[in-house]
Amino acid sequence: TNISKELRIDLLKLIENAQFLYHTKGRSGKNTNVLTLEADRYTSTVSNFVEVCVSLISFFIFLFFASSISFEIVFFILILFASTSIIFLPIISKTKDYSILNTDHFSRTQSSLFELINNFIYLKSTNLTSNLIVNIQERIEALRKISIRLNIFSSVITFTKEPLGV
């Protein structure tokens, strides 16, 4: 999308204009992560925000018409909405925490992969490739576990909103 394209171009300009010391700190994995995955996540977040806004507008329109029929129905719906919102708050909080952790692990994995590829001859000649590969494998496993948790949280929210909506 256009948002994703503009975001990536702006990020590239920031990287180009960054001070020399910034680039010497070995942030290639983090920068690649931001340019690829995080830009897509940002675009997805904007899309999700628009969907939430449309859903809220539809919800309030429904409440308006329901109030013409019965205020008891509106009161019941508002109580149900408030109680489910309270139930979902811990799930949303955990999702946020795991998303931040996922971003951190992914950028560290990318950095390690760049290190392995860019310095392979040196690592191989000093017999350090196996240590780095074990490290990368551990990060990949951690990413897998985080991804599973994020998918579970997302599924819980997705699959419970349909029955509640009905």
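Use the structure listed above.
Model, not experiment: these values are computed from the prediction.

A.B. asks: For this particular structure, what's the right way to read the nonpolar core?
C.D. replies: Soluble, globular proteins show a tendency: their nonpolar side chains are buried together. One finds Phe88, Ile91, Tyr98, Ile146, Leu150 and Phe153 forming the largest nonpolar core, which totals six residues. Listing elements by their share of this core, those giving two or more residues are helix 4 (71–118) and helix 6 (129–165). Aside from chain neighbours lying at most four places away, what touches Ile91 is Phe153, Val156 and Ile157.

A.B. asks: In this structure, what is going on with the packing of aromatic side chains? I would like to understand it.
C.D. replies: The geometry of two aromatic rings is summed up by the distance between their centres and the angle between their planes. The full count for this structure, using the stated rule, is two aromatic pairs. Here Phe64 and Phe65 contribute two aromatic rings whose centre-to-centre distance is 5.5 Å and whose plane-to-plane angle is 70 degrees, an arrangement assigned as edge-to-face. A single burial state applies to Phe64 and to Phe65, both of which are exposed. An angle of 35 degrees between the planes, with centres 5.9 Å apart, marks the rings of Tyr98 and Phe153 as tilted. On the criterion of sequence distance, the pair formed by Tyr98 in helix 4 and Phe153 in helix 6 is long-range, its members being 55 residues apart. Under the relative-accessibility criterion, Tyr98 is labelled buried at 17%.

A.B. asks: So what exactly am I meant to see when it comes to the pattern of salt bridges here?
C.D. replies: Close approach of charged atoms lets side chains of opposite charge pair. Per the stated rule, a full pass over the model turns up two salt bridges. The salt bridge involving Arg108 is made with Asp104; its shortest N-O contact spans 3.0 Å. Of this pair, Arg108 and Asp104 both sit in helix 4, separated by four residues, roughly a single helical turn. Note that Glu141 and Arg144 form a salt bridge whose closest N and O atoms lie 2.6 Å from each other. With Glu141 and Arg144 both in helix 6, this residue pair falls three residues apart, about one helical turn. Relative accessible area serves as the criterion here: at 42%, Arg144 is assigned to the partly exposed category.

Reading guide: rules and limits
- Every residue gets a number counted from 1 within its own chain, in the order that chain's sequence is written.
- This being a predicted model, a pLDDT of at least 70 is required before a residue's local features are given, and a value of 80 or more before pairs of side-chain atoms are given or counted; all residues contribute to the totals for chains, interfaces and linings.
- Neither water nor hydrogens contribute to the side-chain values; these are computed over all heavy atoms in the structure.
- Joining through side-chain atoms within 4.5 Å is the link that ties buried Ala, Val, Leu, Ile, Met, Phe, Trp, Tyr and Cys residues into a set, and such a set is a nonpolar core.
- Residue exposure (1.4 Å probe, protein chains only): buried if accessible area is under 20% of the type maximum, exposed if over 50%, otherwise partly exposed.
- Helix and strand definitions here come from DSSP, where helices need a minimum of 4 consecutive H or I residues and strands a minimum of 2 consecutive E residues; each element is numbered from the N-terminal end.
- A contact between two residues is defined here by any heavy atoms of the two lying within 4.5 Å.
- Two aromatic rings from Phe, Tyr or Trp, using only the six-membered ring of Trp, form a pair when their centres are within 6.5 Å; if the ring planes differ by under 30 degrees the pair is stacked, by over 60 it is edge-to-face, and anything between is tilted.
- Salt bridges are defined by distance alone: a side-chain nitrogen of Lys or Arg within 4 Å of a carboxyl oxygen of Asp or Glu.

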